[in-house]
Each structure stands twice: as structure tokens, then as C-alpha cells.
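Each chain, letter by letter, is given below.
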Amino acid sequence: MLQSTAEQKEEEAGVKEKNYSVAQNLFYIFHPVWKEKPHYMLMLIGEAVLSIGMMLMAAAVSAVAVSSLEKGNDVIVLIGSIMAFFICYGAGNVVYTFLKIRNSLIHIEMRLEWYVPELFLKCMGMSVEKSEQESTRQRVEKAILAVSCNNRGVEGMSRNGMTFLANVLGMVVYILIVGGLDIRILGLLIVLSGLTLISSEAAVRYDKKVTDRMASEERILNYVEHIVDDTAGGKDIRIFNLSGWLTGKYEQAMTARRKLNYGYDMLDFCGNATEIVLAGVRDLCCYFYLLSMMQKGMSVGNFVFYLGLISGFASWFSQLSKTYGEMRKNNHQVNEFRSIVDEEKERLEHKKIPTDGFDELEIVFDNVSYCYPGTEKKVLDQISFIWGKGEHLALVGLNGAGKSTLVKLICGFYVPTNGRVLVNGVDTRELNLTEYFKHLSAVFQNEWILSYTIAENVAMGKDWEKDRIWEALKLAKIDSVVKALPNGIFTYLGKEIDQNGVLLSGGELQKLFWARALYRNAKLILLDEPTAALDALAACRRNGAWIDGALKQVLKRDGLSGRDAAFASRIAYGVMQSRIYLDRCLARCLTQRPEKLEPLLLDILRIGAYQILLMDKVPVNAAVNEAVEMAKAHKLSRAAGLVNAVLRNVDRRRGEPLAFADELEALSVQTSHPRALVERMVGLLGAEEAEAFLRADNEPVPTTIQTNTLKTTAKQLCASLEDESVTVEPHPWL
């Protein structure tokens, strides 16, 4: 039975944080270490045991010296005993210090060797459909935080675990020694330690409460840090003077994070202050008790020994409760981490491979409908077609009509909400996608390159053949560009790894992606269309180019023609023509003036608003989804939510009248002409005639055909065009 939209929602809502206990997570963290590198565990346990031994020796040395003097032992013997004791103590301290330093590195190595790769592999193996969901991105961000710090999350838990072990061992020793002295002292210490644990509970709860907000601010900080170091965006940052704006965004996120940390620090301070008070009460009670015991005949040596234990070992009780509180806090982050990595992995052994393999491919869409998770609007509705073996298929449709979604369904990235996608007769739900991918190649809208060599980018990092690389580059007509580079196919792209790396132009990257698709010699090659209209508008904005020339270059670069070229042209021309009106409509849906937005983001919003407000045949949902995809494709993923919210608001408010200061402003906005020009036209022609002139200026230019009378007549040409369902009429000027 096919899964319905409601069932998908239930399944998505069912993804919850795993609530493992502290003990379960400690076992999870240390089990692979014990299994693969047991000597690491022995060193960690050795440090905990030695810490107790060193504390016992420190408490005993003074007691031994005082007891010897009290008994009148020979001074030479006393000095020899103390010297031997200090030699043993020094040797033990050397070993303890070595283990402490080495074990600190072991905790880091555990995190980097086992848990960071585990998270990366899980994220890379996650389905595309799931990885694109905002809820999943939030969960992944929190999982990343759990393996990104030395004292929090997974590594914090491992450090807490060994500290807790040392505390427990210290408590046991203390119970054996002090408990034999007076059980009331032991009871007092347990009660005070319990109060200390309660005092730290508020900070633990607060930390769990603000985890989502902290993760959100961390995403902003990481994003700004990334784009500041991104050489591809360096030009835009300088040209549009974005340094102050980006710094403001960074400081805003830092301020928010600082406030969250302040709340935790205040609660932690109150907990620590309470602990200090309780420790003072504990020590006073123990000191008074020992003084009373000394009056009853306790020897001076025993008094010194127990006094040392109280000042040293009594701290194990408070440390035990404090460490447990920290473990609970880190346990929450480890649960966030495990909620991602413990998800059930796809079992490929139960997936099917077509009986005739993948030597040739036939794709069948059987009544396919698709809704994005969290929505009930259908991007695709009951689509059926057969893509036969060896056939070439062009998918033509309006912007946002679902072409990219359809491509992802063919790839198996998405699963249909209803219906089936069959590959050689096997439903993609049951298909072994790992084997299927070996026979696929694609060029998607998102330009994605590796900061490695051109050869590795064409072959996608795997073992490659030099001759095949050059053959693919030649077929993609970019071989001459690569040959002109100093290192040829060994030239690095980008400057993240090699400072001598190069930055290819947009058109050159398109050809490189085509070479990548050809190199694989796949049975199926999918080419997703680029965003031509947006690129043309960006060229006009950046270079001061005329829209005609910029659009012509982009269409030629992307190889668009026919209906796709006409659609891209209409959007590009329409946005340029209606920019003043579009900006006014966007302004009432934004919290800041449109010109304050990042220019590329503003272009995307204008394109979406134009399709919603001024193009009747584009569904609102399609226009919004396509705008969101454009934001993601141009590395504005974090603005995707803003694009979605603003355009939805534009649609809701399109029936509301705009507010104007006066009639001239109204005419300027409604006809998208500068106010200065409107004032001049009104002054020359009068209000009524000027308005008619300005509105006529926005009318689309009709397509005009001149008849070649040597081959046909105007009447015959009109009849032929009408037979092809083309509406024609004589030109009014003829």
C-alpha cells in the first residue's frame, strides 16, 4: 500500500529525541574504545585510581610524621621514612601527570576518530528528501554541536565519566575510612552532597531548555564565518560593502548567544555559591567533631590524618554531585547526537535490482503525485509517462512547475506521495539506489564544486584516467580553457586548500559540470535547467548591463531556446519593467526596506513577486517553491525561510490597496516609472494623457511578421498561421 501524505506527516512527527540514560550513553561512548583500543581504557582507569592514591598519600604523609614524633622515634629514621615516602609520592605523581596529559588527548581522539566520522557518514547517507527538511537540519545542527567542543557533548561526557569514576572511588575509600569513625559524619556528608546536586539542577534544566535557540545562533555564526572566508563571495562583499552588514549579523547572533549563556552562568553561579556555603558547613561540622574526639583521647597522628581526609576526600562528595550534574547536561547533547546516528539504516540487502540489470534504463511514472513534507499542496499531480530505453526526453514547463522535483523523483531522491516511479519495472521505494546511482549522472541547478583539482572534480574524487578526463573536457568544449592553466587538469579550483587555485566563470563551471556528467559514461544523464532570468538580472545589477545583452549572453551560455528561453525572457524583462511596483509590494511584507537586503536575495524576491502578482498562469505554490530553490542554489539557504514567508505574505496581501502620499507617487508606483519622469510627463501632457502614455509604455511589444511577397501573400500567410493555432491580425499602421 502506498504511503499517504497524512502517514508521512505522522512518520515525520514521530522523530523524537532519544532519551537514553546517563549510564546508557556512557556505555555507548566507551564501548567502542574498550573493544578496539583497550589500552586506552586501562590508561583512563589508571588515572582515576592514581588520583585516589595520590590523595591518600598526601593525607598520610603528615600523619606519619606527627605520629613518629609523638612516639619519640629516632630523627634519622623519621627523615629516612619521610624521604622514602616522598620518593614514592613523586614517582606516583610523575605517572599520574603523564596519564592526565595523555588521557586528555585520548578524549579528543575518541571524539574525532569515532563520533565525528560517524555523524558525517550518517548525514551523507541520509535521503535527500529528509535532509532538506528544516526539522532534520535543526537536529543535525544540534548533533554537530555535540561533537564540536572539548568540554560539552560527547567529549564532555567522556571526560565527566572518568571524573565521576574517580569521585566514586574516592567516596568509597572515604566511606571505608570515615564511616568506621562515626556513621553520623558519613550521613551528614551524603545529605550535604544531595543538597549540592539539587542546587545544580536549575542550570541543567535551563541548558536543556535553550538548546534549540543556542543551535540556531550557532548556525548563524558558522554561516557568517564561512562566507567571510569564501573567496567566491569576496567580490560581492567588497562591491556592495557588506562588511558592516555581515558584522552586524554576527554581533546580533553573538549578543543573543551571550544572553543565553548569561542565564546559564547566573544559575551556575548560584549553584556554586550554594555549594561553597554547604562545603563550609560540612568542614565546620567535621572540624568540631574531630576536636571533640581529640579531647576524648584521639592521638595527634590520627587527628592529623583524619583532618587531611576531611579537607581532601570530603570534596569528592561535592565533586560527585557536580560531575553528575554536568553529565546530565552533556547527556542531553549526546541524546541529540544519537537521535541522528541511531536512526535505522537502509538495509540494501533487501532492496531489489531489476532482473535485466541497469544496462539499459526505462523510467515509468505511474500516476505520480508529490507533496513536500509538511504541506498538502501537490507540486506534481497524477503525472504519467514512459521514458523508453535510448530515448531523449525534454521536460518543458513554467518556472516552479515541478521539473526539478520530477528530476529528483527519477533519481530516487524523493519518494512519490502517491503513485509509483519504476526503473526497469522496479519501484524506487524498493530499488537498490546504491547500484542505480552507479548508472546515473546529473547536472543540477546548484553549482557544487570540490576545492580539489579539475581532474578530481570531473572524476568526482575517485581513481581517474587522464585520457578520459581530457576526452570529457573536449566534448564539453572546455579543454582549451584547462590547457591554458599553468597546471592543466591538476589545477585546484577555489582557494580553500591551494592558494594558487583558480575561480572559473559561471559559463566555464557549467561546461565543467557537463564534462563531469560525460566522464561517468552513465546510462542516464539528467540536466536540470539553470536560473537564467536571475543570472540576467544579476548581470544588469553588477555590471550596469542592458537587459537585452545580459539576457542574450545568459541564454547562450545555458543553451536555452524555445519556450524555456521565452519564459526566462518574460520574467527578466518583466521584473526590470515592474521593479518599482514590485519593491513597493515587497516593502509592506518586510521588516526593512528592500534596498537594504542582499542584492541577489532582492532579485529572487522580485522574480517570485512578479510571477505571483503579474503572471496569471504560474501557480503561487510553484512560484514560491522555485524562489526558495533559487535561494538554495545561490548559497542563500539560510534565507530560504525568509523568501518563503515574504512571498506567501505577498500573495495574501495582493488584494489590499497600496498606500500613497499623493497622486504622483501613486502613478509612479502603479506604472513603475521614476517620480521625476512622471512629474515631467504630467507637466507636459497633463495628468490624464500622461497616465495613458505611461501605461502604454508597459504594454508588451507585439510580435510583428513581414510577408515575403515573392513566396506568398499576406492572406495566405495568415491562413497558414491560423491553421497552427496562432492568432494573427493586420498591423494597424498598414
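Procedures and definitions
Residues numbered from 1 in each chain as written. Predicted model: local features only at pLDDT ≥ 70, side-chain atom pairs only at ≥ 80, totals over all residues. Heavy atoms only, no water. Helix = DSSP H or I, 4+ residues; strand = E, 2+ residues; numbered from the N terminus. Buried < 20%, exposed > 50% of the residue type's maximum accessible area, 1.4 Å probe, protein only. Contact = heavy atoms within 4.5 Å. pLDDT = per-residue confidence, 0-100. Salt bridge = Lys/Arg side-chain N within 4 Å of Asp/Glu carboxyl O. Phe/Tyr/Trp six-rings, centres within 6.5 Å; stacked < 30°, edge-to-face > 60°. Lys NZ or Arg CZ within 6 Å of the ring centre and 35° of its normal. Axes fitted to C-alpha atoms, helices over the stretch in contact; angles between N-to-C directions. Parallel < 35°, antiparallel > 145°, perpendicular 65-115°, else oblique. Nonpolar A, V, L, I, M, F, W, Y, C, P; charged D, E, K, R; others polar. Pairing = 2+ DSSP bridges. Core = buried A, V, L, I, M, F, W, Y, C linked by side-chain atoms within 4.5 Å. Left-handed = near helix turned anticlockwise from the far one by under 90°. Patch = residues over 30% accessible without salt bridge, like charges linked within 9 Å, V, L, I, M, F, W, Y side chains within 5 Å. Areas by Shrake-Rupley, 256 points an atom, 1.4 Å probe, with all protein chains shown as cover. Disulfide = S-S within 2.5 Å.

Some points on the overall build of the chain
Thinking step 1. What the chain contains, in helices and strands, is 29 helices and 6 strands.
Thinking step 2. Looking at the chain as a whole, 43% of its 734 residues are labelled buried.
Thinking step 3. For the chain, the proportion of contacts with a sequence separation of at least 24, taken over those separated by at least 6, is 75%.

So, unusual backbone geometry
Thinking step 1. Residues other than glycine seldom take positive phi values, yet Asn-424 does so here, at roughly 50°.
Thinking step 2. Positionally, Asn-424 belongs in the loop between strand S3 (418–423) and strand S4 (426–427).
Thinking step 3. For Asn-424, a relative accessible area of 13% translates into the label buried.
Thinking step 4. Of note, Lys-477 is a non-glycine position whose phi angle comes to about 60°, a positive value.
Thinking step 5. Positionally, Lys-477 belongs in the loop between helix H16 (466–475) and helix H17 (479–483).
Thinking step 6. Residue Lys-477 is classed as exposed on the basis of its relative accessible area, which comes to 63%.

Quick notes on the confidence of the model for the chain
Thinking step 1. On average, residues of the chain score 79 in pLDDT, and 81% of them are at 70 or above.
Thinking step 2. Element-level mean pLDDT values for the chain span from 40 in helix H1 (residues 5–13) up to 94 in S3.
Thinking step 3. Predicted confidence for residues 1–15 stays below pLDDT 50, and this span has 25 contacts to residues more than four positions away or in other chains.

Some details on the pattern of salt bridges
Thinking step 1. Inspection of every chain in the model, using the stated rule, returns 20 salt bridges.
Thinking step 2. A salt bridge links Arg-654 to Asp-651, with the shortest nitrogen-to-oxygen separation between them at 2.8 Å.
Thinking step 3. Salt-bridge contacts for Arg-675 lead to Glu-679; the nearest nitrogen and oxygen are separated by 3.0 Å. Here the residue Arg-675 and the residue Glu-679 both occupy positions in helix H27 (residues 675–685), the gap between them amounting to 4 residues, near one helical turn.
Thinking step 4. Via salt bridges that share partners, Lys-37, Glu-109 and Glu-113 belong to a single interconnected network.

Observations regarding the packing of aromatic side chains
Thinking step 1. In total, this model carries 11 aromatic pairs according to the counting rule given.
Thinking step 2. Between Phe-413 and Phe-437, the aromatic rings sit 5.7 Å apart at their centres with planes inclined by 55°, giving tilted as the arrangement. In this pair, Phe-413 sits in the loop between helix H13 (403–411) and S3 while Phe-437 sits in helix H14 (residues 433–437), placing the two residues 24 residues apart along the sequence.
Thinking step 3. Residue Phe-413 is classed as partly exposed on the basis of its relative accessible area of 22%.
Thinking step 4. Clustering of aromatic rings is evident, with ring pairs tying together Phe-358, Phe-413, Tyr-436 and Phe-437.
Thinking step 5. The cationic tip of Arg-338 hangs over the ring face of Tyr-28; the distance from NZ or CZ to the ring centre is 4.0 Å.

A word on the packing of helix H22 (residues 579–587) against helix H23 (residues 599–614)
Thinking step 1. Where H22 meets H23, the axes come as close as 10 Å, and the angle between the chain directions of the two elements is 95°. Considering their axes alone, H22 and H23 lie roughly perpendicular with respect to each other. For the pair H22 and H23, contact is made by Arg-579, Tyr-581, Leu-582, Asp-583, Cys-585 and Leu-586 and by Leu-602, Leu-605, Arg-606, Ala-609, Tyr-610, Leu-613 and Leu-614, respectively.
Thinking step 2. Residues of the contact of H22 with H23, tallied by class, amount to 10 nonpolar, no polar and 3 charged.

Side note on the sheet that holds S3
Thinking step 1. Spatial ordering of the open sheet is given by S2-S1-S3-S4, a layout of 4 strands whose pairing is antiparallel. Two strands close off the open sheet at either side, each with one partner strand: strand S2 (378–387) and S4.
Thinking step 2. With 5 bridges connecting them, strand S1 (residues 363–371) and S3 associate as antiparallel partners. Of the residues in S3, the one forming a bridge with Ser-369 is Asn-418.

A look at H13
Thinking step 1. Among the 9 residues in H13, 9 count as buried, and that is most of the element.
Thinking step 2. Buried within H13 we find Lys-403, Ser-404, Thr-405, Leu-406, Val-407, Lys-408, Leu-409, Ile-410 and Cys-411.
Thinking step 3. Downstream of H13 by a residue or two, Gly-412 has a phi angle that is positive, lying close to 85°.

Topic: the pairing of S1
Thinking step 1. The buried count for S1 comes to 7 of 9 residues, which makes it a mostly enclosed element.
Thinking step 2. Relative to S2, S1 runs antiparallel, the two being bridged by 6 bridges. Counterpart to Val-364 in the pairing with S2 is Ile-386.
Thinking step 3. Taking the residues between adjacent antiparallel strands as the criterion, S1 and S2 are bridged by 6 residues, where Gly-374 takes a positive phi near 90°.

Regarding the nonpolar core
Thinking step 1. Among the nonpolar cores identified, the biggest contains 35 residues, and Leu-586, Leu-605, Ile-612, Val-643, Leu-647 and Val-650 are the most heavily contacted of them.
Thinking step 2. At 9 residues, H23 tops the list of elements feeding residues into this core.
Thinking step 3. Beyond its immediate chain neighbours, meaning those up to four positions away, Ile-612 contacts Val-620, Ala-623, Val-624, Leu-647, Val-650, Asp-651 and Arg-654.
Thinking step 4. Listed in part, the 30 residues of the second largest apolar core include Ile-106, Val-116, Leu-119 and Val-341.

Section: the packing of helix H26 (residues 663–671) against H27
Thinking step 1. Where H26 meets H27, the closest approach of the two axes is 9 Å, and the angle between their N-to-C directions is 115°. Crossing geometry of H26 relative to H27 is assigned as right-handed. For the pair H26 and H27, contact is made by Leu-664, Glu-665, Leu-667 and Ser-668 and by Arg-675, Val-678, Glu-679 and Val-682, respectively.

What to know about the side chain of Glu-141
Thinking step 1. Structurally, Glu-141 can be placed in helix H6 (residues 134–145).
Thinking step 2. Among all residues touching Glu-141, those that are not within four sequence positions of it are Ala-215, Glu-218, Arg-219 and Asn-222.

Considerations on a nonpolar patch on the surface
Thinking step 1. Taken together, the side chains of Trp-34, Leu-42, Ile-45 and Val-49 present a nonpolar region at the surface, about 390 Å² in accessible area.
Thinking step 2. With 3 residues, helix H3 (residues 38–71) is the largest single contributor of residues to the nonpolar patch.
Thinking step 3. On the secondary structure map, Val-49 appears in helix H3.

Examining the side chain of Asp-427
Thinking step 1. Here Asp-427 lies in strand S4.
Thinking step 2. Assessed through its relative accessible area of 10%, Asp-427 is described here as buried.
Thinking step 3. Setting aside residues no more than four positions away along its own chain, Asp-427 makes contact with Arg-420, Val-421 and Leu-422.

So, the state of the cysteines
Thinking step 1. Scanning the model with the defined rule gives 0 disulfides in all.
Thinking step 2. Cys-589 supplies the cysteine sulfur nearest to Cys-585, a cysteine that is in no disulfide, at a spacing of 7.8 Å.

Describing the environment of Leu-518
Thinking step 1. Assignment of secondary structure puts Leu-518 in helix H18 (residues 506–519).
Thinking step 2. Spatially, the C-alpha atoms of Leu-518 and Ile-469 are 9.4 Å apart, while their sequence positions differ by 49 residues.
Thinking step 3. If sequence neighbours within four positions are ignored, Leu-518 has contacts with Ala-472, Leu-475, Ala-476 and Ile-525.

Observations regarding the environment of Glu-508
Thinking step 1. Looking at the secondary structure, you find Glu-508 in helix H18.
Thinking step 2. By relative accessible area, Glu-508 is classed as partly exposed at 24%.
Thinking step 3. Distance in space between the C-alpha atoms of Glu-508 and Val-481 is 8.3 Å, their sequence separation being 27 residues.
Thinking step 4. Setting aside chain neighbours within four positions, we find Glu-508 in contact with Ile-478 and Val-481.

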